[in-house]
2 protein chains.
Amino acid sequence: MNLSALSLLLTPSLASPLLAAEPPALPSWQDSAPKQAITAFVAKVTTPDSPDFVPPAHRIAVFDNDGTLWSEQPMYFQAFFAFDRVKALAPQHPEWKDMEPFASILKGDLKSALAGGEHALLELVIASHANTTTDEFEQAVSSWIASARHPQSGRPFTEMVYQPMLELLAFLRHHQFKTFIVSGGGIEFMRPWAERVYGIPPEQVIGSSIRTRYELRDGKPTLLRLPEINFIDDKAGKPVGIHQHIGRRPLMAFGNSDGDFEMLSWTTSGQGPRFGLLVHHDDPTREFAYDRSSSIGRLDKALDAAPANHWSVVSMKNDWLSIHPPKAD
Amino acid sequence: MNLSALSLLLTPSLASPLLAAEPPALPSWQDSAPKQAITAFVAKVTTPDSPDFVPPAHRIAVFDNDGTLWSEQPMYFQAFFAFDRVKALAPQHPEWKDMEPFASILKGDLKSALAGGEHALLELVIASHANTTTDEFEQAVSSWIASARHPQSGRPFTEMVYQPMLELLAFLRHHQFKTFIVSGGGIEFMRPWAERVYGIPPEQVIGSSIRTRYELRDGKPTLLRLPEINFIDDKAGKPVGIHQHIGRRPLMAFGNSDGDFEMLSWTTSGQGPRFGLLVHHDDPTREFAYDRSSSIGRLDKALDAAPANHWSVVSMKNDWLSIHPPKAD
């Protein structure tokens, strides 16, 4: 090795740890159209002399959570948390024995509990998610997520994430993308574990929220969670949430349902290169199969709109070699 | 050079550009108590074998903007923007000729315009900041900030920033802190220039906001700015805004007025090492001198609370060697 070769090794761009490691190769993705579209897009926007080059600060990728990063059947995992919270809080609420949807939950009759529709669900979220400090709520989520199990697989919910999407998150970050979650789920329900599970820090998690109020408790500054909705980060709320938190239109957006339609539309209607992708749940053997007629994660309007918008559609059955990561032990 | 020396050069930690450059040395800070407190704190939390070591993901530093990162006299700079917007929009609003506070603004009588207090100010912000798309508003701010001048110094407002604080932002980022703005000012007023001027990207700017609504205009996805307040990021709103956007209690907080009292309290009452600092405007020669009786940037309660909370207080007169950066040309 001569000196000029050595100096080449020491120039910042070559010495950067970001570029030193081998890029993750999306090993759980079949070498089919969606993977080819992703890698071609990333190559295009990250190659310095490409006409489509995008500087790192503008490389924003947004991901829906339920049904996109982890499973959402037989119901949103946060609903299991809400039910377990109601059971845990029941001794302090004797009135719940005769009040829906609480009475049905306490009897273990989830179907009746959900029969009240959106209003009952809202009451449930307020009752199970409010009237604590933010620190207490974080602790409640952390304890629950460490011990709760998916009713069918018996695995921790954090192992019901999608292995191909974990690889995609790492692949994009390797290429200096900032990865964000933009979910209809509760922002404070996701933050306690998103960094460990997805590598996404709390400040890059966007979700639905309830109001908080700053107050002193025994002279100590506290944030109290109020029984009032602050923001619903779903459908047309997603572009609003993205603008509020990020303030910059994403380059790439990933979703799986009609709740992501506006997020993908907002993202891919921006100027210059943009990318949209939908995960289609069509694998009843390894996961679940549902789309147009599902009450959870309905995919109808967005599926119809995909071709005209050049959105990729992942067939979980055909495009993913594995679904969930291997069991931890 | 032998092979083992070469391999040492190539290990990620040594090759990292973060550690390769010499740390900025806060050259515009007098070597007095505030600088010593800052550098001692940063050394303590970033030294791997220190009992107070904090991993990079938790190194969050929050900065007020008006009066902390740039000047705020003779009035908040955003008010100059609002006045100029009213003048620019006046042809579309003939009714403003006879309606306060607009009539006074159009006559150039700013004192009378502000006489209506908070209500008049709110009306002014709504009228001058809403009813555009987010893209149009960003364009309006960018044009204004490029041409407007401070009425006393004649300099662009972006040159009315504080040189010692620019150095501090760079110093903290060098030590793997993430720097955020947490301002009572408008989030969309700061984002268009904060990255260029402070090195702070839009997703790390938190501020007051008005509501936006997603809608299609000629089939194109658009975010419309509505004439309704969404969030006031001041006083007890600052910890709320921090929690909403960051979701993690900061390690360091920097402010200059009673509007920052709750932000500093929230930050420094967290467990483990925390740091708070107030900028005290006591330099009538090089900048402005005001505190307990000022209507803009009043510093009274927070100044009294500083000693008991171990908050540093910067005397701009004694602790800063320079105030604003040198003129660009």
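The structure reproduced in this document is the subject of the present report. In this text the structure is predicted, and so the values were computed from the model without any measurement.

**Quick notes on the environment of alanine 82 of chain B**
Residue and element names in this part refer to chain B.
- With respect to the helices and strands, alanine 82 occurs in helix 5 (residues 77-89).
- Through-space distance from the C-alpha of alanine 82 to that of isoleucine 246 is 29 Å; in sequence the pair is 164 residues apart.
- Look past the residues within four positions of alanine 82 in its chain and what remains in contact with it is Leu124, Ser128 and His129.

**Regarding the interface of chain B and chain A**
- Contact residues are listed per partner, giving 46 residues for chain B and 45 residues for chain A.
- Across the chain B to chain A interface the summed buried area is about 3700 Å²; carbon plus sulfur atoms make up 55%.
- Looking only at chain B, the three residues that lose the most surface to chain A are Glu203, Tyr214 and Gln244 of chain B, adding up to 18% of its buried area.
- Our count for the contact surface shared by chain B and chain A stands at six salt bridges.
- For arginine 248 of chain A, the salt bridge identified is with glutamate 195 of chain B, shortest N-O distance 2.6 Å.
- Seen at the junction of chain B and chain A, the total is 20 residue pairs in polar contact (both at pLDDT 80 or more).

**Looking at the side chain of glutamate 287 of chain A**
Residue and element names in this part refer to chain A.
- In this structure, glutamate 287 sits in the loop between strand 6 (275-280) and helix 14 (301-309).
- At 9.1 Å, arginine 286 is the nearest oppositely charged side chain to glutamate 287, a buried residue that forms no salt bridge.
- Reaching out from glutamate 287, the side chain makes a polar contact with the side chain of serine 71 at a distance of 2.7 Å.
- Within the structure, the side chain of glutamate 287 is placed 2.5 Å from the side chain of tyrosine 162, a separation counted as a polar contact.
- In contact with glutamate 287, other than residues within four places in its own chain, are Ser71, Tyr162, His281, Met316, Ile323 and His324.

**Things to note about the packing of aromatic side chains**
- Counted by the stated rule, this structure contains 36 aromatic pairs over all chains.
- The interplanar angle of 5 degrees and the centroid separation of 4.5 Å between the aromatic rings of phenylalanine 63 of chain B and phenylalanine 254 of chain B together place this pair among those described as stacked. Linking phenylalanine 63 of chain B in strand 1 (residues 60-63) with phenylalanine 254 of chain B in strand 5 (residues 252-255), this pair joins segments that are 191 residues apart in sequence. With respect to class, phenylalanine 63 of chain B is no different from phenylalanine 254 of chain B; both count as buried.
- Through pairs of rings, three or more aromatic residues link up here, namely Trp70, Phe77, Phe80, Phe81, Phe137, Trp144, Phe157, Phe189, Trp193 and Tyr198 of chain A.
- One residue, arginine 225 of chain B, lies across the ring of phenylalanine 137 of chain B, its end atom 3.8 Å from the ring centre.
- Above the ring of tryptophan 266 of chain B, the side-chain terminus of arginine 249 of chain B is found at 3.6 Å from the ring centroid.

**Some remarks on the sheet that holds strand 1 (residues 60-63) of chain A**
Residues and elements named next belong to chain A.
- Taken together, seven strands build an open sheet; the order of strands is 4-3-2-1-5-6-7 and the sheet is mixed. Here the strands that pair on one side only, and so sit at the sheet edges, are strand 4 (220-231) and strand 7 (312-315). The mean angle between the axes of side-by-side strands here comes to 30 degrees, regardless of whether they run parallel or antiparallel.

**Side note on the pattern of salt bridges**
Residues and elements named next belong to chain A.
- Under the criterion given, the structure shown has 32 salt bridges over all chains.
- Among the ionic pairs, aspartate 64 bridges to lysine 238, the shortest N-O distance being 3.0 Å. Residue aspartate 64 is found in the loop between strand 1 and helix 5 (77-89), and its partner lysine 238 is found in helix 12 (residues 237-245); the two are separated by 174 residues along the sequence. Like aspartate 64, the residue lysine 238 is buried in the burial classification.
- For arginine 292, the salt bridge identified is with aspartate 304, shortest N-O distance 3.0 Å.

Rules used in this analysis
- Residues numbered from 1 in each chain as written.
- Chains lettered and ligands numbered in written order.
- Predicted model: local features only at pLDDT ≥ 70, side-chain atom pairs only at ≥ 80, totals over all residues.
- Heavy atoms only, no water.
- Helix = DSSP H or I, 4+ residues; strand = E, 2+ residues; numbered from the N terminus.
- Contact = heavy atoms within 4.5 Å.
- Buried area = accessible area lost by both parts, 1.4 Å probe.
- Salt bridge = Lys/Arg side-chain N within 4 Å of Asp/Glu carboxyl O.
- Polar contact = N/O pair within 3.5 Å; in protein donor to acceptor, adjacent residues only side chain to side chain.
- Buried < 20%, exposed > 50% of the residue type's maximum accessible area, 1.4 Å probe, protein only.
- Lys, Arg positive; Asp, Glu negative; His and termini not counted.
- Phe/Tyr/Trp six-rings, centres within 6.5 Å; stacked < 30°, edge-to-face > 60°.
- Lys NZ or Arg CZ within 6 Å of the ring centre and 35° of its normal.
- Pairing = 2+ DSSP bridges.
- Axes fitted to C-alpha atoms, helices over the stretch in contact; angles between N-to-C directions.

None of the figures reported here should be taken as evidence of function without further support.
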